[in-house]
Amino acid sequence: MTDVLRVEGLKTHFHTRAGVVKAVDGVSFSLAEGEILGLVGESGSGKTVTGFSLLGLVDPPGRIVEGSIRLKCEELVGASDATLRARRGRDISMIFQDPIATLNPLLTIGHQMRLAQAAHGRVSRRAADARSAELLSRVGISSAAARLRAYPHEFSGGMRQRVAIAIALLHSPAVIVADEPTTALDVSIQAQILAEMKALVAETGTALIWISHDLAVVSSLASRLLVMYAGRVVESGPTASVLRAPNHPYTEGLIASLPSSAAPGVPLRQIPGTTPSLLALPPGCPFAPRCPRADAECGVRPDLTPIGAQAVACHHPGGAELSLRQGA
Amino acid sequence: MSAFLTIDGVSKVFRPNLTMGERIAARLGSDVEQRLLVAVDTVSLSVAEGETLGLVGESGCGKSTLGRLAAGILAPDAGSVRLGDRPIMEGESKVTTRVQTVFQDPFASLDPRMKVGQAVGEGPLAHGLTTRSEVKSYVESWFARVGLDPEQADRYPHQFSGGQRQRIAIARALAMQPDLLICDEPVASLDVSIQAQILNLFLELRRDLGLTCLFISHDLSVVRHVSDRMAVMYLGRIVEIGPAAEIFDRPAHPYTQALLESVPRLVLDDGELVTFVPIEGEIPSALSPPSGCHFSPRCPIAEDRCSVEVPTLEPFPGAERKCACHLAERRALAASSDAWLP
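Residues numbered from 1 in each chain as written. Chains lettered and ligands numbered in written order. Predicted model: local features only at pLDDT ≥ 70, side-chain atom pairs only at ≥ 80, totals over all residues.

**Some remarks on the sheet that holds strand β11 (residues 229-234) of chain B**
Residue and element names in this part refer to chain B. Overall, mixed pairing links the eight strands, which are arranged β8-β9-β10-β3-β11-β12-β14-β13 in an open sheet. One side of each edge strand has no neighbouring strand; the edge strands of this open sheet are β8 (99-102) and β13 (314-315). For strand β3 (residues 52-56) and β11, the ladder comprises four bridges, and the chain directions are parallel. Paired with Gly 54 across the bridge in β11 is Met 230. (Pairing = 2+ DSSP bridges. Helix = DSSP H or I, 4+ residues; strand = E, 2+ residues; numbered from the N terminus.)

In structure tokens:
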């Protein structure tokens, strides 16, 4: 499989009065055709800013200060606004967390979907509506042709998110970036959307980057996982093996923090402390102050180094053999 | 165990405002029907002393409204809420300080212009649990109890992170020395690692102080972790109630079963095929709930009578719980013979 997206050494910094916030600080990954990549992290880990950077949506005071984003071999960092506009929506599109904020409340669904198509070339109203209706029914909206005349407020939260997904799919882009698209939804609706997303990606061959704070959601969807902490990737690898045998103490802590990891009523293994402020990151490994394995060596920033199929940014990776033995 | 909190046939009906069009129509003399939103529909349950009852359901099912009724924040339209043998409400006003609440959003529940120590001490001082000269040390002891630095009592809420604010909210509720704590989605807005810290604090405090608790959450794994018993709500009614472990292992109501199957699980096997069995359709509007069993339009096993007769909460055969489903008995029979109904 060929890589449709290759990100190298991406750094997105925000130059604020209080100092430089390194929201994304050296992130590299690649995405193969039709692959689902899960991007996991807690608030402030830089996962959303990474997604925004891919589409060139970072607003001042933030900007991409370094690195390269290659979409189908075309460099997007430093590309002109016109180039980015031509790519956005057609080759790479985004699904945002809050569908109420992304849809225009004053335009009908059909109107908005026509605009999205007209942005990339002339298309007749009839052809555009036919394409819109086709996609709406594909994401599970019944009587789609009639629903084109409806306004966003006539839809429920889950339905709005389906419309947003249909808009993202309009031009069959090579890559879709989905930023926590099911976080605001109820579990039963979330399950419906996850099932549909999985089927759609398999059907259309679109690669998907699924950004989420929820490990369980990502694990049921993504084949590969990227765990972010304080703007850096701390661990990556095939989803199941990362979750079964995490090498980084942060990944391990995240999994152990889940209520489903312990028997009911038993205290959970917690990560002490809180996520550091991005303005005052400790030198070296950003996780060191909360880490049980930290020592003098951790004063130097660790690089992402491969261990088997996984990669980890830690001077003391481990726990792997132990977990594997349990699994065997 | 004797019942400690008793909620007896409680209902709460909201009357949403008329739209502009309807108001004009009413003014012009036409018959405009006042829509009713039955948020809680004759719910009865009890919580024993020292027990934690988890209350789960999706948005709009009435779980928060039920929590507010139990906390004495809202007055019920029918039925009564009692703590021991005393009512929580008399008329429209709350008559006890024995129930306290921890709310979901620690950014909204703390007054941004009041020092956090003052916010924690205000209630106990007003109700004579401490004196003006001792309030400082009283507040500091509660700060220490919830894992905060007592020195931080002079700070304002914005100087704390979300997890710390939730600790302050817990300290504020506990400083009133309540017998019953209502937790309304206390960890929903927190990151996983902070959520674990707060859940651990909750487990520890519950053990040390012998708290009785009504724990409301949409997150089934959180409820499973902290609850002894749990109740599942759907559109204002309780559809299933009983020991948490039993419900998780063998849900009796088709809605509970579907809800449990919708929860994403950690996948630990490379080859594991993840299949979701999503519930069909969406939650109907509470303004016009389906007749009969509210779940019947989405239910995979519904029969004709399900859309006509309202099922009552009946003891589920062979288990320590109750379930509101016409077909529960048959499902129980099928389960005991190890066959599963389609």
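**A word on the pairing of strand β1 (residues 3-16) of chain A**
All names here are of chain A. Where β1 and strand β2 (residues 19-32) come together, 11 bridges link them in antiparallel fashion. Bridging from a neighbouring strand, Thr 12 pairs with Val 24 of β2. The hairpin turn running from β1 into β2, its antiparallel successor, is two residues long. Here β1 pairs with strand β4 (residues 62-71) via eight bridges, running antiparallel. Directly across from Glu 8, in β4, lies its bridge partner Ser 68.

**Focus on the packing of helix α11 (residues 249-257) of chain A against helix α6 (residues 192-209) of chain B**
Any two packed helices are characterised by the angle at which their axes cross and by the distance between the axes. As a packed pair, α11 of chain A and α6 of chain B sit with axes 9 Å apart at the nearest point and diverge in direction by 50 degrees. Between α11 of chain A and α6 of chain B, the angle is such that the two are oblique. Seen from above, α11 of chain A lies across α6 of chain B with left-handed handedness. Here α11 of chain A contributes Gly 253, Leu 254 and Ser 257 of chain A to the contact with α6 of chain B, which in turn contributes Val 192, Ser 193, Gln 195 and Ala 196 of chain B. (Axes fitted to C-alpha atoms, helices over the stretch in contact; angles between N-to-C directions. Parallel < 35°, antiparallel > 145°, perpendicular 65-115°, else oblique. Left-handed = near helix turned anticlockwise from the far one by under 90°. Contact = placed C-beta atoms within 7 Å.)

**A word on the interface of chain A and chain B**
You'll often see interface size given as the accessible area lost when the parts meet. Every contact between the two is made by 38 residues of chain A and, on the other side, 37 residues of chain B. For the side of chain A that touches chain B, the elements supplying multiple residues, two or more each, are α8 (187-204), α9 (215-219), α10 (239-244) and α11 of chain A. Sorting elements by how many residues they give to the side of chain A that touches chain B places α8 of chain A first, with eight residues. Looking at side-chain class alone, the side of chain A that touches chain B contains 18 nonpolar, 17 polar and three charged residues. (Nonpolar A, V, L, I, M, F, W, Y, C, P; charged D, E, K, R; others polar.)

**What about the nonpolar core?**
Within the largest apolar cluster, 180 residues are counted, with the highest numbers of intra-cluster contacts made by Val 175, Ile 209 and Trp 210 of chain A together with Leu 214 and Ile 238 of chain B. Sort the elements by how many residues they give to this core and helix α7 (residues 157-169) of chain A lands first, with eight residues. If we ignore the near neighbours within four places in the chain, the residues touching Trp 210 of chain A are Ile 36, Leu 37, Gly 38, Leu 39, Ala 178, Val 218, Leu 221 and Ala 222 of chain A. (Core = buried A, V, L, I, M, F, W, Y, C linked by C-beta atoms within 7 Å. Buried ≥ 20, exposed ≤ 12 C-beta atoms within 10 Å, placed from the backbone.)

**Considerations on helix α4 (residues 109-118) of chain A**
Ile 109, Gly 110, Gln 112, Met 113, Arg 114 and Gln 117 of chain A are the residues of α4 of chain A that are buried. At its buried positions, α4 of chain A is contacted by α5 (125-138), α6 (144-147) and α7 of chain A.

**A closer look at the environment of Pro 61 of chain A**
Residues and elements named next belong to chain A. Relative to the helices and strands, Pro 61 is located in the loop between α1 (47-54) and β4. For the pair formed by Pro 61 and His 13, sequence separation is 48 residues and the distance between their alpha carbons is 8.2 Å. What Pro 61 contacts, discounting residues up to four positions off in sequence, is Phe 14, His 15 and Thr 16.

**What about unusual backbone geometry?**
All names here are of chain A. Put simply, Pro 60 and Pro 61 share a cis peptide bond, and its omega is 10 degrees. The phi angle at Ala 230 is positive, at roughly 50 degrees, despite the residue not being glycine. Tracing the backbone shows Ala 230 in the loop between β9 (224-229) and β10 (232-238).

**A few points about the confidence of the model for chain B**
In this model, chain B carries an average pLDDT of 86, and 93% of its residues clear a pLDDT of 70 or more. Every residue in residues 338-342 of chain B scores below 50 in pLDDT, and together they form six contacts with partners more than four places removed in sequence or on other chains. (pLDDT = per-residue confidence, 0-100.)

**Here we look at the sheet that holds β9 of chain A**
Note on sheets: strands pair through backbone hydrogen bonds, and any given pair is parallel or antiparallel. All names here are of chain A. Across the sheet, which stays open at both edges, the eight strands sit in the order β6-β7-β8-β3-β9-β10-β12-β11 with mixed pairing between neighbours. Edge positions in the sheet fall to β6 (92-95) and β11 (305-307), since each has one partner strand and no second. The average angle at which neighbouring strand axes cross in this sheet is 20 degrees, direction not considered. Inspection of the sheet shows β10 paired to strand β12 (residues 310-312) by two bridges, in the antiparallel sense. Residue pairing in the sheet places Glu 235 in a bridge with Val 312 of β12.

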